[in-house]
Amino acid sequence: MFEHILYEEIKDRIGLLKINREKALNALNLQTVSELNKFINEQLPGENLRVLIITGSGSKAFVAGADIKQMKEMSKEEFHNYCNVSHDNFNKIQNLKIPVIAAVNGYALGGGCELALACDIRIASDNVKIGFPETKLGLFPCWGGTKRSSMLMGIGKVKELIFTGDMISAEEALKIGLVDKVVKQDELMDEVLSMAEKISNNGPLAIAYAKETINKGQEMNHSGALDLELKMGVECFDSLDRLEGMTAYLEKRTAEFIGK
Ligand code: DAK
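Report on the accompanying structure. All values derive from a computational prediction rather than experimental measurement. Sequence order sets the numbering: in each chain, residues are counted from 1 along the sequence as written. Predicted model: local features are reported for residues with pLDDT of at least 70 only, side-chain atom pairs are reported and counted for 80 or more only, and whole-chain, interface and lining totals are derived from all residues. Each side-chain value is derived from all of the structure's non-hydrogen atoms; neither hydrogens nor water enter the calculation.

## Brief notes about the site of the ligand
Counted only if it meets this: The near set for a molecule or strand comprises every residue that places at least one heavy atom within 4 Å of it. N or O atoms within 3.5 Å of each other form a polar contact, as long as, within protein, one can give a hydrogen and the other can take it, and as long as residues adjacent in sequence are counted only when both atoms are side-chain atoms. Under the convention used here, a 1.4 Å probe and the Shrake-Rupley method define accessible areas, while residue burial counts only the protein chains that appear.
In the neighbourhood of the ligand, 26 residues make up the surrounding shell, with Lys-60, Ala-64, Ala-66, Gly-111 and Cys-142 lying closest. The separation between a nitrogen atom of the ligand and a polar main-chain atom of Ile-68 is 2.9 Å. Contact distances for the ligand include 3.0 Å between an oxygen atom and a side-chain N or O atom of Lys-69. In isolation the ligand exposes 1,100 Å². Once the protein is present, 68% of that is buried.

## What about helix α3 (residues 76–95)?
To keep it simple, the criterion reads: Secondary structure counts use DSSP, requiring at least four H or I residues in a row for a helix and at least two E residues in a row for a strand, with both numbered from the N terminus. How far a helix is expected to stretch is found by multiplying one less than its residue total by 1.5 Å. Relative accessible area decides the class of each residue, using a 1.4 Å probe on protein chains only: under 20% of the type maximum gives buried, over 50% gives exposed, and in between gives partly exposed.
With 20 residues, α3 extends 28 Å between its outermost C-alpha atoms, agreeing within 8% with the 28 Å of an ideal straight helix rising 1.5 Å per residue. When we look at burial in α3, the residues that qualify are Tyr-82, Cys-83, Val-85, Ser-86, Asn-89, Phe-90, Ile-93 and Gln-94.

## Some words on the packing of α3 against helix α4 (residues 111–118)
Our working definition: Angles shown run from 0 to 180 degrees and are taken between the N-to-C directions of axes, each axis being a line fitted to C-alpha atoms and, for helices, limited to the stretch in contact. Note that the term roughly parallel is reserved for angles under 35 degrees, roughly antiparallel for angles over 145, roughly perpendicular for angles of 65 to 115, and oblique for everything else. Here, residues are in contact when the closest pair of their heavy atoms is within 4.5 Å.
Packing of α3 against α4 leaves a shortest axis separation of 8 Å and a crossing angle of 25°. By the angle between their axes, α3 is roughly parallel relative to α4. In this structure, α3 uses Phe-90, Ile-93 and Gln-94 to contact α4, whose residues at the interface are Gly-111, Glu-114, Leu-115 and Ala-118.

## Quick word on the sheet that holds strand β6 (residues 107–109)
What counts, and what does not: By the convention used here, strands pair only if DSSP detects at least 2 bridges between them.
Read across the open sheet, the four strands follow the order β4-β6-β8-β9; overall the sheet is mixed. Sheet topology places β4 (61–63) and β9 (167–169) at the edges, where each strand pairs with a single neighbour. Shown here is a sheet whose adjacent strand axes are inclined to one another by a mean of 25°, direction ignored.

## Quick word on the state of the cysteines
How we decide: Sulfur atoms of two cysteines make up a disulfide when they are within 2.5 Å.
Applying the stated criterion across every chain yields a total of zero disulfides. Cys-113 carries a free sulfur, and the closest cysteine sulfur to it, the one in Cys-119, is 11 Å from it. Its relative accessible area of 0% is what places Cys-113 among the buried residues. Not engaged in a disulfide, the cysteine Cys-142 finds its nearest cysteine sulfur in Cys-83; these two sulfurs lie 6.9 Å apart.

## Examining the environment of Ala-124
Tracing the backbone shows Ala-124 in strand β7 (residues 121–125). Residues Ala-124 and Leu-174, 50 residues apart in the sequence, show an inter-C-alpha distance of 8.7 Å. Other than its neighbours up to four places away in sequence, Ala-124 contacts Val-104, Ala-170, Val-179, Lys-181, Val-182, Val-183 and Leu-188.

## Considering unusual backbone geometry
Cis geometry is found at the peptide bond from Leu-44 to Pro-45, where omega equals 0°. Non-glycine residue Leu-25 carries a positive phi angle of around 50°. Its location among the elements puts Leu-25 in the loop between β2 (14–19) and α1 (30–43). Residue classification places Leu-25 among the partly exposed residues on the basis of a relative accessible area of 25%.

## Structural notes on the packing of helix α5 (residues 145–152) against helix α6 (residues 155–164)
Selection rule: Definitions for this section: a left-handed crossing has its near helix turned counterclockwise from the far helix by less than a right angle. A right-handed crossing has that turn clockwise. In this count, Pro and Cys sit with the nonpolar residues alongside Ala, Val, Leu, Ile, Met, Phe, Trp and Tyr, while Asp, Glu, Lys and Arg are called charged and the others, Gly among them, polar.
The N-to-C vectors of α5 and α6 enclose an angle of 140°; their axes lie 8 Å apart at closest approach. By the angle between their axes, α5 is oblique relative to α6. You can see that α5 and α6 cross each other, and the crossing is right-handed. On α6, the residues that touch Thr-146, Ser-149 and Ser-150 of α5 are Ile-155, Val-158 and Ile-162. Taken together, the residues that form the contact of α5 with α6 break down as three nonpolar, three polar and no charged.

## Things to note about the packing of aromatic side chains
As a reminder of what qualifies: Here the aromatic set is Phe, Tyr and Trp, taking the six-membered ring for Trp, and pairing holds for ring centres within 6.5 Å; pairs whose planes are under 30 degrees apart are stacked, those over 60 apart are edge-to-face, and all others are tilted.
A full pass over the atoms with the stated rule returns five aromatic pairs. With a centroid separation of 6.4 Å and 55° between ring planes, the pair formed by Phe-79 and Tyr-82 is classed as tilted. Taken as a pair, Phe-79 and Tyr-82 lie in helix α3 at a separation of three residues, close to a single helical turn. Of the residues examined, Tyr-82 reaches a relative accessible area of 0% and is grouped as buried.

## Some words on the pattern of salt bridges
Definition in use: For this document, the term salt bridge refers to a Lys or Arg side-chain nitrogen within 4 Å of an Asp or Glu carboxyl oxygen.
Inspection of the entire model under this criterion finds 16 salt bridges. Residue Lys-11 is joined to Glu-197 by a salt bridge in which the shortest nitrogen-to-oxygen separation is 3.2 Å. Of this pair, Lys-11 sits in strand β1 (residues 5–11) while Glu-197 sits in helix α8 (residues 188–201), and the two are 186 residues apart along the sequence. For Glu-197, a relative accessible area of 31% translates into the label partly exposed. Ionic contacts of the salt-bridge type, sharing partners, join the residues Lys-157, Glu-160, Glu-172 and Lys-175 into one network.

Right, dumping it as structure tokens:
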């Protein structure tokens, strides 16, 4: 059905989405962002899916950014459309009810870094080169990168990365909070899967509520965020999953959550 994205449920309740343009280092051309849009709108979050993993095909790149060859030829209107679709994609990934883990395998540049930032958690392989080279091309990151990176890192670092266009290593990215964990390249998928499995065994409703509370809380003042936390926490308490989780604990068995 799609040419530039691949999707499979690799384990029970865990989906793997691959950006699949290996020869172009998985650069996001219009067809790729359109396919992503169709996939996200029509197939996510899916009935039983508990965690989505996003990665890039091959071992060299997660995503090397927006497609420069294609962008160069775009009119302003075409560029606007291209950016709208990408914004929609990244916003929907950020707001999905299930957690999304970026398995960042190699270059994650420009729009690729922004895709990783739209995910909830970023696990990087030790060969990662990540950054925002857009200013070298006369652009700046506009697929959510200025805002989402500022929520993770000090504003001075965000400006340094964007103004210089420097690519940084996985270790440096870990130090400044741009990625959450670094592992050896050949251990990346094992590590990501192990985290995904852990998450998929926990209460899906609680995780969805936690994600929404954390995300919305970022846009609120302190007391507004705490009010939201209280409201969402009480709603979560009033669920079959909460009852099942506590009963299972007391009965010394594994909980069977149903997401209700
Ligand atoms: N676009 C198109 N093709 C790309 C590409 C890209 N971003 N990155 C790599 N490729 C292609 C190369 O052209 C090459 O294709 P052929 O020449 O073989 O046909 C193939 O992938 C292999 O790449 P290289 O031969 O260059 O491989 P190397 O190992 O030598 O170098 C590299 C790897 C990642 C360092 C290098 O390819 C590179 O610098 N790539 C460009 C990275 C980059 O600048 N990325 C940022 C793109 S700009 C906005 C919204 C969004 C954006 C901006 C504004 N608004 C709303 C205003 C987003 C912008 C971007 O993401």
